[in-house]
Amino acid sequence: MYSLSEISMAREISAAVVNVSGRQRMLSQRTAFFCLRLVCSQSAAEREKLRSELLDAIVLMEKSHKGLIEGDPSVKLAGNPSKEIEAMYFEPPLNLDRQLRDYIREVRALAAATDAELTKDNPHLRYIMNAASTELLAALDAVVSQYQKESEAEQQAIDRNQLALVEQSCAATAAARARTLELQQALRDLQEAQSLLVQSEKMSSLGQLLAGVAHEINNPVTFIYGNLSHAINYVSDLSELLQLYRQRYPDPGSEIEELIESLELDFLIEDLPKVMSSMKMGADRIRQIVLSLRNFSRMNDAEISRMDIHEGIENTLLILHNRLKPQAGRPGIQAVKEFGNLPLVECCAGSVNQVFMNILANAIDALEEGMAAPARSSGKDNLCPMPHAPRPTPTIRIRTEVLRPDGVAVRIADNGPGMEPEVLAQLFDPFFTTKPAGKGTGLGLSISYQIVVEKHGGTLKCLSEPGQGTEFWVELPVRHCPSPASGTESQSDRLQPAARA
Ligand SMILES: Nc1ncnc2c1ncn2[C@@H]1O[C@H](COP(=O)(O)OP(=O)(O)OP(=O)(O)O)[C@@H](O)[C@H]1O
Ligand SMILES: [Mg+2]
């Protein structure tokens, strides 16, 4: 593995070697040419100049030769020739080192020759011209091309190495990305598990509370209800007896006459059965409420049973009754029910009640928020009309219908303020809430999503737009079939722009 500085150093050395070896070849040709001109020159001054140029060229040749073999940091030569290059320098057939030394020696000898010796037959000149055009030239060509070959091979090795490095780093990046995704998934799973725990703890406390309250009320109510029918009979018997007395003794005396008058006995006798029967109706209603509370508190049962969806909705509305009533500073919230003819649905009734509870409680929160907020939009039926226009009645509309071939749909719509797209996009995320701390945990809808989609293989969708209200769609299969591919549905599939509440 090379570092960046090593790579750039290797590239520089390799370029220097190729350059310097190429220059050796060029110098051999140039010196031969100067030697020929020296011999031919008629001018003493020119000859002096040529001698000096020759000596300079020879010094450079010697320096380059030494640098190539032993190294020369000033021109970035490393001086570590390969075995092949060494053989070219020091072994037959090329013996380039010897050839160069001989050549340099001959050039020096010619440069030192007297003017008289400078003839075309000069043996030094003949040697030089011969070497420069045959043996030495061929040897220099061979070594230059070997240097080039080795340099190219080295470049390729570096490139291959770089490629391997890039591949390794790509693989490492991909592995890191996969690990990050795994960790993100693990975090999501953890959050979901945590949210389930928190919510089920919350619901279980509510269930326990309701079951306790229902149990406590149940005993005295049964007592009252059971005795009321006896009391009605006793009252009826007593009033019969009284009538008989009055018939038999029409003149009971002034004291009794006065009491009869002050008691308005005739009215009392007429009204008492009505009072008793309305007491019976009230007790009956309390019994029903207690029964609903007990049914609702069954929500911790994880059992699958055949559920009457309408009963679940009614029970939930009953629990929320107090929140729907008019309150200081706001009118009551009307719950409009448009129930279809639904079959019993195989599901975990407690969990499905929990979904209705979450959605209805959110709708009430939203309607309250809408009523508290200043009017701001021109939506026709929603709670934020044009300034000065009367606000429409806060309404929750619950529609149920059969879905062909074998499902049911419950649509719960409110004419509250609706949602901004950013809120809608995070609606089902665990812990997402826009409510103040202590009011919302942000778990209601994420739990509801798990219950409907993952536990029951149904669908949970939300349609909402600011100023247009909100509608939730809960779709459940009639036969229980938990979704195996839970989580395959993307968030955008469950979130759509609003339909009117
Ligand atoms: N009907 C609705 N109208 C407007 N906004 C809604 C409605 N239902 C839900 N939301 C928004 O979705 C957010 C998340 O709802 P969710 O039920 O998951 O949590 P929460 O109600 O804030 O808290 P929790 O239900 O845990 O007490 C809410 O804070 C609210 O901003
Ligand atoms: Mg909620």
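Residues numbered from 1 in each chain as written. Chains lettered and ligands numbered in written order. Predicted model: local features only at pLDDT ≥ 70, side-chain atom pairs only at ≥ 80, totals over all residues. Heavy atoms only, no water.

**Quick look at the nonpolar core**
Selection criterion: We call a set of buried residues a nonpolar core when its members are Ala, Val, Leu, Ile, Met, Phe, Trp, Tyr or Cys and they connect through side-chain atoms within 4.5 Å of each other. Categorising residues by exposure relies on relative accessible area from a 1.4 Å probe, with only protein chains included: less than 20% of the type maximum marks a residue as buried, more than 50% marks it as exposed, and the intermediate range marks it as partly exposed. In this text, helices come from DSSP runs of H or I with a minimum length of four residues, and strands from runs of E with a minimum of two, each type numbered from the N-terminal end. Any two residues whose heavy atoms approach within 4.5 Å are treated as being in contact.
Counting residues in hydrophobic clusters, the biggest one holds 43 residues, and the most contacted among them are Ile309, Phe356, Ile396, Leu460 and Phe472. For this core, the elements supplying multiple residues, two or more each, are helix 9 (309-319), strand 3 (345-347), helix 11 (349-372), strand 4 (395-403), strand 5 (407-414), helix 13 (444-455), strand 6 (459-464) and strand 7 (470-477). Ranked by residue count, the leading element in this core is helix 11, at eleven residues. In this structure isoleucine 396 touches Leu324, Ile333, Gln334, Ala335, Val336, Leu360, Ala363, Ile364, Leu367, Ile412, Ala413 and Asp414, once residues within four positions along its chain are discounted.

**A short note on empty space enclosed by the protein**
Quick reminder of the rule: Within this scheme a cavity is a closed region of a 1 Å grid, computed over the protein atoms alone, that accommodates a 1.4 Å probe without allowing it to escape, whereas a pocket is open but has protein on both sides within 12 Å along at least five of seven lines; lining residues each have an atom within 4 Å of a point. Grid points are joined across faces, edges and corners, and a volume is the space filled by probe spheres set on the points. Put simply, Ala, Val, Leu, Ile, Met, Phe, Trp, Tyr, Cys and Pro go in the nonpolar bin, Asp, Glu, Lys and Arg in the charged bin, and everything else, Gly too, in the polar bin.
Evaluation of the coordinates by the stated rule reveals one cavity of 30 Å³ or more. In this structure, the largest cavity occupies an estimated 40 Å³ of space. Forming the boundary of the largest cavity are Ser21, Gln24, His65, Leu68, Tyr89, Leu96, Leu100, Leu140 and Val143. Counted by class, the lining of the largest cavity contains six nonpolar, three polar and no charged residues.

**Comments concerning the packing of helix 4 (residues 96-112) against helix 5 (residues 123-133)**
Worth spelling out the cut-off: The convention used is that axes are lines fitted to C-alpha atoms, helices contributing only their stretch in contact, and that angles between N-to-C directions extend from 0 to 180 degrees. Angles are sorted into four bins: roughly parallel if under 35 degrees, roughly antiparallel if over 145, roughly perpendicular if 65 to 115, and oblique for all others. Here is the rule for handedness: rotate from the far helix to the near one, and if that takes an anticlockwise turn smaller than a right angle the crossing is left-handed, while a clockwise turn gives right-handed.
Running from N to C, helix 4 and helix 5 cross one another at 140°; their axes reach a closest spacing of 9 Å. In terms of orientation, helix 4 lies oblique with respect to helix 5. Our pair here, helix 4 against helix 5, has a crossing hand that is left-handed. Together, Asp102, Tyr103, Glu106, Val107, Ala109 and Leu110 of helix 4 and His124, Leu125, Tyr127, Ile128, Ala131 and Ala132 of helix 5 make up the contact between the two elements. In terms of residue class, the contact of helix 4 with helix 5 is made up of nine nonpolar, one polar and two charged.

**With respect to the packing of aromatic side chains**
For clarity, the threshold we go by: Only centres within 6.5 Å qualify two rings of Phe, Tyr or Trp (six-membered ring in Trp) as a pair; their planes then separate them into stacked at under 30 degrees, edge-to-face at over 60, and tilted for everything else. Whether a charge sits over a ring depends on NZ of Lys or CZ of Arg being within 6 Å of the ring centre and within 35 degrees of the ring normal.
Summed over the entire model, instances satisfying the criterion amount to four aromatic pairs. Ring geometry for phenylalanine 33 versus phenylalanine 34: centroids 6.4 Å apart, planes at 40°, classification tilted. Look at tyrosine 89 and phenylalanine 90: their rings are 6.1 Å apart centre to centre, the planes differ by 45°, and that puts the pair in the tilted class. Judged by relative accessible area, which is 2%, tyrosine 89 ranks as buried. Above the ring of tyrosine 225, the side-chain terminus of arginine 287 is found at 4.3 Å from the ring centroid. Of note, lysine 461 hangs over the ring of tryptophan 473, and the distance from its end group to the ring centre comes to 5.2 Å.

**Section: unusual backbone geometry**
Residue proline 92 is joined to proline 93 through a cis peptide bond whose omega torsion reads 5°. Checked against the element boundaries, proline 93 lands in the loop between helix 3 (83-90) and helix 4. Cis peptide bonds are those with omega within 30 degrees of zero, and the linkage from arginine 404 to proline 405 qualifies with 5°. Among the secondary structure elements, proline 405 is positioned in the loop between strand 4 and strand 5. The phi torsion at asparagine 95 lies on the positive side, around 45°, for a residue other than glycine. Within the fold, asparagine 95 resides in the loop between helix 3 and helix 4. The backbone of phenylalanine 431 shows a phi angle near 70°, a positive value even though the residue is not glycine. In this structure, phenylalanine 431 sits in the loop between helix 12 (421-426) and helix 13. Residue phenylalanine 431 is classed as partly exposed on the basis of its relative accessible area of 33%.

**Concerning the site of ligand 1**
Quick reminder of the rule: Consider each residue's heavy atoms; a residue with any of them within 4 Å of a molecule or strand counts as near. Polar contacts, as counted here, are pairs of nitrogen or oxygen atoms within 3.5 Å of one another; within protein the pair requires one atom able to donate a hydrogen and one able to accept it, and residues that are adjacent in sequence qualify only if both atoms are side-chain atoms. Values of accessible area rely on a 1.4 Å probe in the Shrake-Rupley scheme; residue burial ignores everything except the protein chains shown.
Lining the immediate surroundings of ligand 1 are 22 residues, of which Asn362, Thr433, Thr434, Lys435 and Thr441 lie closest. Lysine 435 is positioned with one of its side-chain polar atoms (N or O) 2.6 Å from an oxygen atom of ligand 1. Here leucine 445 contributes a backbone N or O atom positioned 2.9 Å from an oxygen atom of ligand 1. Contact with the protein chains removes 93% of the 610 Å² of surface that ligand 1 exposes when unbound. Broken down by secondary-structure element, the contributors of at least two residues to the shell around ligand 1 are helix 11, helix 13 and strand 7. At three residues, helix 11 tops the list of elements feeding residues into the shell around ligand 1.

**Digging into the confidence of the model for the protein chain**
The predicted coordinates of low-pLDDT regions are not to be read in fine detail. Applicable threshold: Confidence scores per residue from the predictor, reported as pLDDT, run from 0 to 100.
Chain-level pLDDT for the protein chain is 85 on average; 90% of the residues reach the 70-or-more range. Counting interchain partners and residues more than four positions distant, the pLDDT-below-50 stretch residues 485-493 has nine contacts. Across residues 497-501 the pLDDT falls below 50, and counting only partners more than four positions away or on other chains, this stretch makes 21 contacts in the model.

**Regarding helix 9**
Taken as a whole, helix 9 has its buried residues at Ile309, His310, Gly312, Ile313, Asn315, Thr316 and Leu317. Two or three places before histidine 310, at the opening of helix 9, aspartate 308 has a side-chain oxygen 3.0 Å from that residue's backbone nitrogen.

**Some remarks on the pairing of strand 4**
Note the cut-off: Should DSSP find at least two bridges between two strands, the strands are regarded as paired.
As defined by bridge partners, strand 2 (residues 334-338) adjoins strand 4 across five bridges and the pair is classed as parallel. Counterpart to lysine 337 in the pairing with strand 4 is isoleucine 398. The sheet contact formed by strand 4 and strand 5 spans eight bridges and is antiparallel. Within strand 5, the residue paired with arginine 397 across the bridge is alanine 413.

**Structural notes on the pattern of salt bridges**
Our working definition: Salt bridges are defined as contacts in which a side-chain nitrogen from Lys or Arg sits within 4 Å of a carboxyl oxygen from Asp or Glu.
Considering all chains together, one arrives at 28 salt bridges under this definition. Across the pair arginine 105 and glutamate 106 runs a salt bridge whose closest N-O atoms are separated by 3.1 Å. A relative accessible area of 46% places arginine 105 in the partly exposed class. The salt bridge partner of aspartate 365 is lysine 435, with a shortest N-O separation of 2.8 Å. Of this pair, aspartate 365 sits in helix 11 while lysine 435 sits in the loop between helix 12 and helix 13; the two residues are 70 residues apart in sequence, bridging distant segments of the chain. We classify aspartate 365 as buried; its relative accessible area is 13%. If you follow the salt bridges from partner to partner, you end up with Arg323, Arg330, Asp365, Glu368, Lys435 and Lys439 in one network.

**What to know about the packing of helix 9 against helix 11**
When two helices pack together, their arrangement is given by the angle between the helix axes and by the axis-to-axis distance. For the pair helix 9 and helix 11, the least separation of the axes is 9 Å and the interaxial angle reads 45°. For the element pair helix 9 / helix 11, the angle class is oblique. As for how helix 9 packs across helix 11, the hand of that crossing is right-handed. Packed against helix 9, whose contacting residues are Ile309, Gly312, Ile313, Thr316, Leu317 and Ile319, the element helix 11 presents Val352, Asn353, Phe356, Met357 and Leu360 at the interface.

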